[in-house]
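For reference, the chains in residue letters:
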Amino acid sequence: MSDYLISPRSSEWMPPNFSRPNGDRPSSQSNSRRKPSRHQTDTLADNRLQTERRWRHISPGNLLTPRANPARKAGDNGMLTTVLEKLLTDARQNGWSTTTDASLADLALEAERYKRGLSFTHVRNRPTSPPIEVLTPTSSDNAPARSLSAMHGEGPQPLHTDGAHHQVPPHIVLLSSRQISSVATWLWRFDTAQLPSTSMHHDLLHGVFTVRSGRSCFLSPAWTHREQLRYDPGCMEPADDRAQRVATFLNSRIEHGTAFSWTTPGQVLAIDNRRVTHARGDAVNEPHRTIERLALLVNDWSGVNKPPLRRGLPIS
Ligand SMILES: O=C(O)CCC(=O)C(=O)O
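In this report, we go over the structure that sits alongside the text.

Parameters at a glance
Residues numbered from 1 in each chain as written. Predicted model: local features only at pLDDT ≥ 70, side-chain atom pairs only at ≥ 80, totals over all residues. Buried ≥ 20, exposed ≤ 12 C-beta atoms within 10 Å, placed from the backbone. Helix = DSSP H or I, 4+ residues; strand = E, 2+ residues; numbered from the N terminus. Core = buried A, V, L, I, M, F, W, Y, C linked by C-beta atoms within 7 Å. Contact = placed C-beta atoms within 7 Å. Pairing = 2+ DSSP bridges. Axes fitted to C-alpha atoms, helices over the stretch in contact; angles between N-to-C directions.

Before going further, it helps to spend a moment on helix 4 (residues 104-113). Across the 10 residues that make up helix 4, a large majority, eight, are buried. Of all the positions in helix 4, only Leu104, Ala105, Asp106, Leu107, Ala108, Leu109, Glu110 and Ala111 are classed as buried.

Below, the structure is given as structure tokens:
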């Protein structure tokens, strides 16, 4: 799986109305009628304080009073669009996009409240992961078994898509760094028009990988007829020769990747996770680097502007 350890700073942050696992809402009506005991009052006050601290921690901006409207920006066509819409549209068109107009916490809130046709579901890496995960380089010894960190430690990681172990991987991955970092995130865009051969296209569609997902596993090709890329060498193992060729091909693409540099604190990078692979560079010299990550499923991703049609290799 494409994760490092979740640092202690990743204490769960949730905007109001955020749906929790198992649907456990903060308070039920019957509870709220009962007078809380002294102990309960103290605990409630503590919880509230902690929530506010987390809130401040996640967004140094004035998010204690949630905004009435999501951050808005004039789009190319002169219409007002939300920052999230623009990010998504650009990522869909170009593979990835970036903004400094909103923090990751703002965008999480915006995804939560978005009411214009699309809706978003947060995809957690593991059932216990918070919606916004904080990723830090982790040595092989301290990393969870079978994670990319267990395989590569703080060194450079291989290109992968996020959530490849989920039956339905996220459409979009938002990464953000609060600090400038000299460790780049490498990006490589999959494009059927630029494959080395027709047979590679065939291998991508028909090579079978075993995908480990928790205690179970399932089979999947790396590229599906629905034109979605799934690839993470941390949780996917080639089960036949075709998949082996695919793995060799995708692993070698790092040489053709683009380095995304974290030059502005708070910058957000949006990645089209079903078309673009990404990888952290070598973090041995920056062991305290932190990246925040939010993964989203978009209920009508096909409705978000598609890239212009390109002629692909024929599917044989
Ligand atoms: O840390 C980075 O630059 C990339 C993060 C990453 O690889 C991931 O989200 O899986």
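Next, the rest of the story.
With 49 residues, the main nonpolar core has Leu107, Leu174 and Ala270 as its most contacted residues. With six residues, helix 4 is the single largest residue contributor to this core. Residues within four places of Leu174 in sequence aside, it is in contact with Leu104, Leu107, Val268, Ala270, Arg293 and Leu294.

Strand order in the open sheet formed by three strands is 10-9-11, and the pairing between neighbours is antiparallel. Each edge of the sheet is formed by a strand with only one pairing partner; in this case those strands are strand 10 (216-220) and strand 11 (236-238). Across the sheet, the axes of successive neighbouring strands diverge by a mean angle of 25°, strand direction being ignored. As paired strands, strand 9 (residues 209-213) and strand 10 are joined by five bridges and run antiparallel to one another. Paired with Ser213 across the two strands is Ser216, which belongs to strand 10.

What follows deals with unusual backbone geometry. Positive phi, normally seen in glycine, also occurs at Glu227, with a value near 60°. With respect to the helices and strands, Glu227 occurs in the loop between strand 10 and strand 11. Overall, the presence of 11 C-beta atoms within 10 Å leaves Glu227 in the exposed class.

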